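Breakdown of the fold
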Amino acid sequence: MKTCDLHTHTTASDGSDSPGQLVAKAQAAGLSAIAVTDHDTVSGLEEAGRAAKDRGIELVPGVELSVNFHKGNMHMLGYYMDVANRRFLEVLERVQGARARRNPKILALLDDLGLPISMKEVEALSKGGQIGRPHIARAMVEKGYVKSVSEAFDKYLKRGARAYAPKSILSPGEAIEVLRGAKGVPVLAHPFSLMTSSQEELDAIVFELKEAGLMGIECYYSEHDSAFTSMCLGLARRYNLVVTGGSDYHGKAKPHIMLGKGRGNLVIPYECVEALKAARAHV
Ligand code: AMP
Ligand code: ZN
Ligand code: FE
Ligand code: FE
C-alpha cells in the first residue's frame, strides 16, 4: 500500500531537519509522497522540491497558516498553492511580521520573570527560519530554566501562561480566501487542537469554515485517537471535504513524533494525495 505524510516541518520554521534531510528521511521511511507545511512560510519548498526530484519521491507543496480562534489553536493547511501569487506572499509577510514583533514580547515577559534569554540565543537555534515558541522553549532548556520543551510550554509559553504573547492576525476566512486565491486547497489542520467539547461544537465550526470555502480536513493525525479520527471522517463525508492526514513531524523539536508514523500507529494512505489533486481542479 502506498502511503504519505502531508504535515511536516523543517528548519524553514520550527522543525530540526533541513528540507533536504526531511525528504531523505521520507524516502528511507518508504513514503510515496510528502508535504512540507512550514509555519507561515514557503521558503523550504524549493530545496525540498530539488531533493524530492533527486530521490524520486513526490513533493506536495504546502504551508501551515496560524489563524485567529477564540479558544485552542486553529491552523489552516494549504496545498498546491501558487507560491508566486502576490496576495499570498503579502499575507505571509504580514504574518511573519506579527511573529517577529511577538518574539521580543515573549522574551521581555521571561526577563520580568527572572529568566533572561537574548534574541541572539533564540536565533542561533532557529538557523534563519521562522522563529516560534519551540525555539524559545529550547533556549530555556539550554539555559537550565526548565527540564523540557513541554515544561516550558506548560509553565510559561502556552496560551494564558505567564510569558504568553498572542500572534495570530489572520482570520480563518481570510486564510481560506487567500489560499484559494492562489489556487491552493485549504485544509483544517489537527481539529483536536480546537479543544471543542462536543461533536456538535466541532460540527458547527466545520460548517462555518465550509461556508467560507474550506476544502479539506486533517482526519489522520498523531494526536487523534480512533474515535476522534472517525468523527473527523464523518464530518468530511457530511460536508464533502477532502480527507487528509499528517504526522506533524518536527524532528528533535517533537522527538516522540515519527515521520509518516506519528506515535507509531499512524498510516496515511496515498489516496489523500489523489483527493487533494482532484480538489485542486475545483479551487
Ligand atoms: P508558534 O508557532 O510560536 O505559535 O508555536 C507553535 C508550535 O509550538 C507548534 O508547532 C507546536 O508544535 C508547538 N507547541 C505548541 N504547544 C506545545 C506544547 N505544549 N509542547 C511542545 N510544543 C508545543
Ligand atoms: Zn511547529
Ligand atoms: Fe499546527
Ligand atoms: Fe504543524
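Structure: above.
The following refers to the structure shown. (Residues numbered from 1 in each chain as written. Chains lettered and ligands numbered in written order. Predicted model: local features only at pLDDT ≥ 70, side-chain atom pairs only at ≥ 80, totals over all residues. Heavy atoms only, no water.)

With that settled, the discussion passes to the pattern of salt bridges. According to the stated counting rule, one finds 13 salt bridges in the structure shown. Between glutamate 174 and arginine 94 there is a salt bridge, with its nearest N and O atoms 3.2 Å apart. In this pair, glutamate 174 is assigned in helix α7 (residues 172–181) and arginine 94 in helix α3 (residues 86–112), connecting sequence segments 80 residues apart. Since its relative accessible area comes to 37%, arginine 94 is described here as partly exposed. The closest approach of N and O atoms between lysine 155 and glutamate 151, which form a salt bridge, is 2.7 Å. Taken as a pair, lysine 155 and glutamate 151 lie in helix α6 (residues 149–157) at a separation of four residues, close to a single helical turn. Lysine 155 gets classed as partly exposed once you look at its relative accessible area, which sits at 43%. (Salt bridge = Lys/Arg side-chain N within 4 Å of Asp/Glu carboxyl O. Helix = DSSP H or I, 4+ residues; strand = E, 2+ residues; numbered from the N terminus. Buried < 20%, exposed > 50% of the residue type's maximum accessible area, 1.4 Å probe, protein only.)

Among the six residues that make up strand β4 (residues 74–79), six are buried, leaving the element largely enclosed by the rest of the structure. Where burial is concerned, the two faces of β4 agree: the one with Met74, Met76 and Gly78 and the one with His75, Leu77 and Tyr79 are both buried. Sheet analysis places strand β3 (residues 58–67) next to β4, joined by six bridges and oriented antiparallel. Paired with serine 66 across the bridge in β4 is histidine 75. Counting the residues that bridge the hairpin from β3 to β4 gives six residues, and of these glycine 72 lies at a positive phi of roughly 55°. Bridging between β4 and strand β5 (residues 185–188) involves four bridges; their strand directions are antiparallel. Pairing of methionine 76 across the sheet is with leucine 188, part of β5. (Pairing = 2+ DSSP bridges.)

So, on to the site of ligand 1. Around ligand 1, a shell composed of Asp14, His39, Arg99, Arg102, Gly132, Arg133, Pro134, Val149, Phe153, Lys167, His250 and Lys254 is seen. Here lysine 167 contributes a side-chain N or O atom positioned 2.7 Å from an oxygen atom of ligand 1. Here ligand 1 has 490 Å² of accessible area as a free molecule, and 79% of this is covered by the chains. For the shell around ligand 1, the elements supplying multiple residues, two or more each, are α3, α5 (133–142) and α6. Within the shell around ligand 1, the residues separate by chemical class into three nonpolar, three polar and six charged. Among the domains, domain 1 (4–92 + 168–280) and domain 2 (101–157) are the pair contributing at least three residues each to the shell around ligand 1. (Near = heavy atom within 4 Å. Polar contact = N/O pair within 3.5 Å; in protein donor to acceptor, adjacent residues only side chain to side chain. Areas by Shrake-Rupley, 256 points an atom, 1.4 Å probe, with all protein chains shown as cover. Nonpolar A, V, L, I, M, F, W, Y, C, P; charged D, E, K, R; others polar. Domains from an automatic or database assignment.)

The subject of this paragraph is the coordination of the iron ion (ligand 3). At the metal site, the iron ion (ligand 3) is ligated by Glu64 (OE), His75 (ND1) and His190 (NE2), and these contacts range over 2.0 to 2.1 Å. Motif for the iron ion (ligand 3), donor spacing along one chain: E-x10-H-x114-H. Between the two metals, the iron ion (ligand 3) and the zinc ion (ligand 2), the spacing is 6.0 Å. Here histidine 75, found in strand β4, pairs with histidine 190, found in the loop between β5 and α8 (199–211); they are 115 residues apart in sequence, far enough to count as distant. Judged by its relative accessible area of 13%, histidine 75 is buried. (Donors = N, O, S within 2.8 Å, 3.2 Å for Na, K, Ca; no water.)

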